[in-house]
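What the coordinates show
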Amino acid sequence: METSSTIVTLLSFGLVGIGCLAVVEKFVPLFPSYVLLMFLGMTVSDSATLAMTILVTTVGSVIGAVGWYGLGWALGSERIESLVARYGKFVLLRPSLYGRLTGAYRSNHFWVTLVGQTLPTVRIYLALPAGVLRLEPRAFLAATSLGTLIWNMPFLSLGYALRGSDRDPVSIGFWVAIALIAAEFAILLGLRFFNRSVPRPSSITADEHNGGV
């Protein structure tokens, strides 16, 4: 069955079908998520349904992420690395990308997960090394939910706003994705610069620490 006919079939089941699409998108990256989200937004009839669609797609994406997390947790590091080396190239997950995702978790787990859910391709597979590393489940769920909401809401809302127009949702969605990613990196760079510019307590001399005695 073609991808387009699969989408149409699932959409015929209403919000349940939309939720299933969000889950599938986490496992079968056949098209960019922003394209799917904008298309779904263009099928929404009113603002109340839009809000429900945002909620359902967020829940579906989180369920998909939990699936990857559970797979990583169950199989462990060696078997996952072996599977990625053998089959990863068929699903856009090369060993080099998996290594970078795993290495990213050397820093703050919550923020890595949150930001990762708003980056194309990364948002699909980041939960796999999170499961392998057995990150704290509640923090993982919270960060994944928030990051997914930040990613889903703009595209669904934009699709809703463009319904009935003759504008190309694919090109618009692409530039919106670029803008979101650029804003995220600007914020991260700003935070890094701020952290470096703030004096650390360890820089205080021993005399100052002891009151100059």
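From a predicted model like this one, the values you see are computed outputs, not experimental measurements.

Now for the pattern of salt bridges. Evaluation of the coordinates by the stated rule reveals two salt bridges. Between R138 and E136 there is a salt bridge, with the nearest N and O atoms lying 3.2 Å from each other.

The next subject is a nonpolar patch on the surface. There is a patch of nonpolar side chains on the surface, built from L15, M52, L55, V59 and I63 and spanning about 410 Å² of accessible area. A per-element tally of the nonpolar patch places helix α4 (residues 47-87) first, with four residues. When you line up the elements, I63 lands in helix α4.

A few words on the packing of aromatic side chains. One pass over the structure, following the stated rule, counts seven aromatic pairs. Summarising the aromatic geometry, the rings of Y69 and W73 are spaced 5.9 Å apart at their centres and angled 40° between planes, so their arrangement reads as tilted. A residue pair is termed a helical-turn pair when its members lie 3 or 4 positions apart in one helix, as Y69 and W73 do in helix α4 at four residues. Arranged with centres 5.8 Å apart and planes meeting at 85°, the rings of F110 and W111 form a pair that is edge-to-face. You can call W111 exposed: its relative accessible area is 51%. Taken together, F27, W68 and Y125 form an aromatic cluster joined through their ring pairs.

For the protein chain, the mean per-residue pLDDT works out to 81, and 75% of the residues sit at or above 70. For the stretch residues 200-210, pLDDT sits under 50, and the model shows three contacts to residues farther than four places along the chain or on other chains.

As a further point, take the nonpolar core. Side chains of a nonpolar character, in soluble globular proteins, are inclined to be buried together. Core analysis: the largest hydrophobic core is formed by 25 residues, its most contacted members being L93, Y98, L101 and L128. Apart from the residues lying within four places of it in its own chain, the contact partners of L128 are W68, L71, G72, I80, V84, L93 and Y98.

Analysis parameters
Residues numbered from 1 in each chain as written. Predicted model: local features only at pLDDT ≥ 70, side-chain atom pairs only at ≥ 80, totals over all residues. Heavy atoms only, no water. Salt bridge = Lys/Arg side-chain N within 4 Å of Asp/Glu carboxyl O. Patch = residues over 30% accessible without salt bridge, like charges linked within 9 Å, V, L, I, M, F, W, Y side chains within 5 Å. Areas by Shrake-Rupley, 256 points an atom, 1.4 Å probe, with all protein chains shown as cover. Helix = DSSP H or I, 4+ residues; strand = E, 2+ residues; numbered from the N terminus. Phe/Tyr/Trp six-rings, centres within 6.5 Å; stacked < 30°, edge-to-face > 60°. Buried < 20%, exposed > 50% of the residue type's maximum accessible area, 1.4 Å probe, protein only. pLDDT = per-residue confidence, 0-100. Contact = heavy atoms within 4.5 Å. Core = buried A, V, L, I, M, F, W, Y, C linked by side-chain atoms within 4.5 Å.

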